[in-house]
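# Residue-level structural notes
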Amino acid sequence: AIDPNFEQNRDVVEQHDGHDVWGPVDEPEELGIHGTHVAVDFDICIADGACVEDCPVDVFEWVDTPDHPESEIKADPANESQCIDCMLCVDVCPVDAIDVDPG
Ligand code: SF4
Ligand code: F3S
Ligand code: ZN
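A brief report on the enclosed structure follows. (Residues numbered from 1 in each chain as written. Chains lettered and ligands numbered in written order. Predicted model: local features only at pLDDT ≥ 70, side-chain atom pairs only at ≥ 80, totals over all residues. Heavy atoms only, no water.)

## With respect to the side chain of Glu80
Where we set the bar: For helices the rule is a DSSP run of H or I covering at least 4 residues; for strands it is a run of E covering at least 2, with both sets numbered from the N terminus onward. Burial classes: relative accessible area under 20% of the type maximum marks a residue as buried, over 50% as exposed, and values in between as partly exposed (1.4 Å probe, protein chains only). Neither His nor the chain ends is counted toward charge; the positive residues are Lys and Arg and the negative residues Asp and Glu. What makes a salt bridge here is a side-chain nitrogen of Lys or Arg within 4 Å of a carboxyl oxygen of Asp or Glu, nothing more. Residues are treated as being in contact if the distance between any of their heavy atoms lies within 4.5 Å.
Counting through the fold element by element, Glu80 comes out in the loop between β6 (73–76) and α3 (88–92). Despite its burial, Glu80 remains without a salt bridge, the nearest opposite charge being carried by Arg10 at 14 Å. Residue contacts for Glu80: discarding those within four places in its chain leaves His19, Gly35, Thr36, His37, Val38 and Val59.

Below, the structure is given as structure tokens:
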């Protein structure tokens, strides 16, 4: 599962589409955590898609991650500022790849 304390345990190593990426990043095998308020651990995501389908405000967009061992697309929190803290994505992700910090 995603580390709920990733902000203490990781460093921001790059920006992607307006949000932080928390390392380590070593492409294509190691992609880090994308986003901060809505954080997706790309190294855990298996592209199940429940978060993309269920988010009521369309926070997530698919991004291509060719040659990543878990999946070749990931749910990117491209619109994390739109999040309404419903926690649905956290509940539906089968591999607990998402952390949302309300408030
Ligand atoms: Fe979307 Fe709700 Fe998840 Fe926020 S907590 S990203 S609104 S599903
Ligand atoms: Fe990935 Fe979980 Fe969404 S596996 S696509 S973060 S439901
Ligand atoms: Zn991203």
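## Points about the coordination of the zinc ion (ligand 3)
A metal bound by six donors in octahedral fashion has ideal angles of 90 or 180 degrees, whereas one bound by four tetrahedral donors has an ideal angle of 109.5 degrees. Condition: Distances up to 2.8 Å from the metal define which N, O and S atoms are donors, and 3.2 Å serves for Na, K and Ca; water is absent from the atom set, so sites may look incomplete.
The coordination sphere of the zinc ion (ligand 3), as far as protein atoms go, consists of His16 (ND1), His19 (NE2), His34 (ND1) and Asp76 (OD), spread over 2.0 to 2.1 Å. Every donor residue of the zinc ion (ligand 3) comes from the same chain, spaced as H-x2-H-x14-H-x41-D. Taken together, the positions of His19 in strand β2 (residues 19–22) and Asp76 in strand β6 put the pair 57 residues apart, joining distant regions of the chain.

## Focus on the packing of aromatic side chains
Rules: Centre distance within 6.5 Å is the pairing criterion for rings of Phe, Tyr and Trp, where only the six-membered ring of Trp is used; planes under 30 degrees apart are then read as stacked, over 60 as edge-to-face, and the remainder as tilted.
Considering all chains together, one arrives at one aromatic pair under this definition. Their ring planes at 80° and their centres at 5.3 Å tell us that Phe6 and Trp22 sit as a pair that is edge-to-face. Placement of the pair is Phe6 in helix α1 (residues 6–9) and Trp22 in strand β2, with a sequence separation of 16 residues. Across the pair, Trp22 and Phe6 agree in class, each one buried.

## Here we look at the site of ligand 1
Using the following cut-off: Near is defined per residue: the residue qualifies when any heavy atom it owns lies within 4 Å of the molecule or strand. Residues are sorted three ways: Asp, Glu, Lys and Arg are charged, Ala, Val, Leu, Ile, Met, Phe, Trp, Tyr, Cys and Pro are nonpolar, and all the rest, Gly among them, are polar.
Among the 13 residues in the neighbourhood of ligand 1, the closest are listed as Cys55, Cys83, Cys86, Met87 and Cys89. In terms of residue class, the shell around ligand 1 is made up of 13 nonpolar, no polar and no charged.

## Let's talk about the pattern of salt bridges
Across all of its chains, the model carries one salt bridge by this definition. Across the salt bridge formed by Asp41 and Arg10, the nearest N and O atoms sit 3.7 Å from each other. Of this pair, Asp41 sits in strand β4 (residues 38–41) while Arg10 sits in the loop between α1 and β1 (12–16), and the two are 31 residues apart along the sequence. Take Asp41 and Arg10: they sit in the same class, and that class is buried.

## Side note on the pairing of β2
Rule in force here: A strand pair is defined by DSSP finding two or more bridges across the two strands.
Bridge count for β1 against β2 is four bridges, and the pairing is antiparallel. Bridged to His16 within β2 is His19. Two successive antiparallel strands, β1 and β2, enclose a turn made up of two residues, where Asp17 displays a positive phi of approximately 55°. Two elements, β2 and strand β3 (residues 33–34), share two bridges in a ladder whose sense is antiparallel. Paired with Val21 across the strands is His34, a residue of β3.

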